[in-house]
Amino acid sequence: MLTPEENERITRVGPGTPCGALLRRYWQPIAIASELTPEQPKKRVRVLGEDLVVYRNGQGGYGCVAEQCPHRGVSLYYGFVEDDGIRCAYHGWKFDGCGRCLEQPFEPAGSTYKERVRLKSYPLQKMAGLLFAYMGPEPAPLLPRWDVVAREDGTRRIEIRPTLTCNWLQAQENTADTVHTYYLHGHMMKTQGLRGGEYYYRPIEDYGWELCEWGLSKWCRYGGDRPELEIRPPLLFPNLLRIPALGEECLHWRVPVDDTRTNIIMVAFRPSPDGARVEQPEDPPVRYLPSPIGPDGEYDLSTFDAQDRMAWETQGALYDRSQEHLGATDRGIIMFRKLLLDQIAVVEQGGDPIALIRDPARNELIVFESSSNILVS
């Protein structure tokens, strides 16, 4: 178990927190590019405890700025998007995507005051239909070209889950939990008379984890009438799940909204049968999953997504790890927590945490292999 102080250290994500400082070293997907249209070119987002406005300007570029105008604190969400920036609806102060103040109507002619006013802003990059923000110190690392978001020999789609009402770590720790699949998915589907959990509903004979350059590698040995050694793609540090699922290769980001809410954004890539290149659309199709909670307030546990969500959310909005009792099957979770604490310390000492990419040669295409095709968890 962790001490209450350690639990706070790895869960709190707002500005100035140790874990928040770590997560800000990585590019995070914060919006779907196709949601920004000429009719509605801006969107409110809350990420890592910060309220932001994402917009697409009249020249087709993207901006990400703090929601509150530095003049009088009015929301820029209600401002006017122009060719070169966003203008506050209250007094007309205009800012570009880098936070520079371009105009201050009604200030004296020749005033240089606008040169001394800055709006907090973050760089954005578009990849695979997602807008990624970097909220950490410069120089920013490269936006990783994971195989799922960068391959062109197949088709791609985006899936958005309803916002989790719990801390990000409750979802991410699940990625290091190898054996939960037997009961939470296999047994759960079986007892409801549903298909879909058969792969996991067989004896687990052994399992293990190792640290790797990207985070935590995992393997599991199944017995019974279908013995198999399954080598799973790694847990990508700090907040990604990389997993194959029913013929697709998938990435799940667990992006903290704040300390007690989390957005899950998934990109799935289906390779073409013959390996041929496929013309890629500017924006892949997007599917928004409905809530798995029914009108009676209970979870509909007929899908893997709902089963996982139940397990994470019923731990509480921010799980108190000082009260748990870990067993041998939790070694991967223990390893991940130690890795998280170690990398927080690296950042506090001024260093780079693991899994950042700064060399373009390493970022052409980052490919992960697995030994079998498994269901999403």
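Residues numbered from 1 in each chain as written. Predicted model: local features only at pLDDT ≥ 70, side-chain atom pairs only at ≥ 80, totals over all residues. Heavy atoms only, no water.

A. Up close: the pattern of salt bridges. Applying the stated rule across the entire model yields 39 salt bridges. A salt bridge links Asp147 to Arg242, with the nearest nitrogen and oxygen atoms 3.0 Å apart. In this pair, Asp147 sits in helix H3 (residues 147-150) while Arg242 sits in strand S15 (residues 240-245), placing the two residues 95 residues apart along the sequence. A single burial state applies to Asp147 and to Arg242, both of which are buried. Glu248 is the partner of Arg157 in a salt bridge, and the nearest nitrogen-oxygen pair spans 2.9 Å. Taken as a pair, Arg157 in strand S11 (residues 154-160) and Glu248 in strand S16 (residues 248-258) lie far apart in primary sequence, 91 residues in all. Given the relative accessible area of 25%, Arg157 is considered partly exposed. Taken together, the shared-partner salt bridges connect Arg157, Glu159, Arg161, Glu248, Arg270, Arg287 and Asp305 into one network. (Salt bridge = Lys/Arg side-chain N within 4 Å of Asp/Glu carboxyl O. Helix = DSSP H or I, 4+ residues; strand = E, 2+ residues; numbered from the N terminus. Buried < 20%, exposed > 50% of the residue type's maximum accessible area, 1.4 Å probe, protein only.)

B. Focus on helix H5 (residues 180-191). The first and last C-alpha atoms of H5 sit 16 Å apart over 12 residues, in line with the 16 Å expected at 1.5 Å per residue. Listed in full, the buried residues belonging to H5 are His180, Thr181, Leu184, His185, Gly186, Met188 and Met189. Down the axis of H5, the smallest arc covering the buried residues is 165°, so these residues share one side. Among the exposed residues of H5, those pointing more than 90 degrees away from its buried face are Tyr183, Lys190 and Thr191. Residues of H5 that are buried sit in contact with strand S13 (215-222) and helix H6 (304-313). Two residues or fewer past H5, Gly193 is found with a positive phi of approximately 70°. (Expected span 1.5 Å × (residues − 1). Arc of directions from axis to C-beta. Contact = heavy atoms within 4.5 Å.)

C. Broad picture of the nonpolar core. Residues Ile30, Val54, Trp146, Trp253 and Leu340 are the most contacted members of the largest nonpolar core, which totals 64 residues. Once residues lying within four places of it in the same chain are set aside, the contact partners of Ile30 are Val45, Val47, Val54, Cys64, Leu124, Leu131 and Ala133. Listed in part, the 13 residues of the second largest apolar core include Val53, Val65, Ala66 and Cys69. (Core = buried A, V, L, I, M, F, W, Y, C linked by side-chain atoms within 4.5 Å.)

D. Region of the structure containing the environment of Asp206. Following the sequence through the fold, Asp206 ends up in strand S12 (residues 204-212). On a C-alpha basis, the gap between Asp206 and Phe106 in space is 72 Å, while along the polypeptide they are 100 residues apart. Among residues more than four places away in sequence, those in contact with Asp206 are Trp219, Cys220 and Arg221.

E. Broad picture of the packing of helix H1 (residues 4-11) against helix H7 (residues 331-348). Interhelical geometry of H1 versus H7 gives an angle of 70° and a closest axis separation of 10 Å. If you check the angle between H1 and H7, you find them roughly perpendicular. Only Arg337, Leu340, Leu341, Ile344, Ala345 and Glu348 of H7 make contact with H1, whose side of the interface consists of Glu6, Arg9 and Ile10. Its residues assigned to classes, the contact of H1 with H7 shows five nonpolar, no polar and four charged. (Axes fitted to C-alpha atoms, helices over the stretch in contact; angles between N-to-C directions. Parallel < 35°, antiparallel > 145°, perpendicular 65-115°, else oblique. Nonpolar A, V, L, I, M, F, W, Y, C, P; charged D, E, K, R; others polar.)

F. Examining the packing of aromatic side chains more closely. Enumeration over the complete set of coordinates arrives at 15 aromatic pairs. On the basis of an interplanar angle of 70° and a centroid distance of 4.9 Å, the ring pair of Tyr182 and Tyr183 is categorised as edge-to-face. Among the aromatic residues, those joined into a ring-pair cluster are Tyr199, Tyr200, Tyr222 and Phe304. The cationic tip of Arg202 hangs over the ring face of Tyr199; the distance from NZ or CZ to the ring centre is 4.3 Å. The side chain of Arg202 reaches across the aromatic face of Tyr222, ending 4.2 Å from its centre. (Phe/Tyr/Trp six-rings, centres within 6.5 Å; stacked < 30°, edge-to-face > 60°. Lys NZ or Arg CZ within 6 Å of the ring centre and 35° of its normal.)

G. Region of the structure containing the pairing of strand S2 (residues 42-47). Judged from the six bridges that link them, S2 and strand S3 (residues 50-56) form a sheet pairing that is antiparallel. Across the sheet, residue Lys43 finds its bridge partner in S3, namely Val54. Between S2 and S3, which pair antiparallel and follow one another directly, the connecting turn spans two residues, one of which, Leu48, has a positive phi of 50°. (Pairing = 2+ DSSP bridges.)

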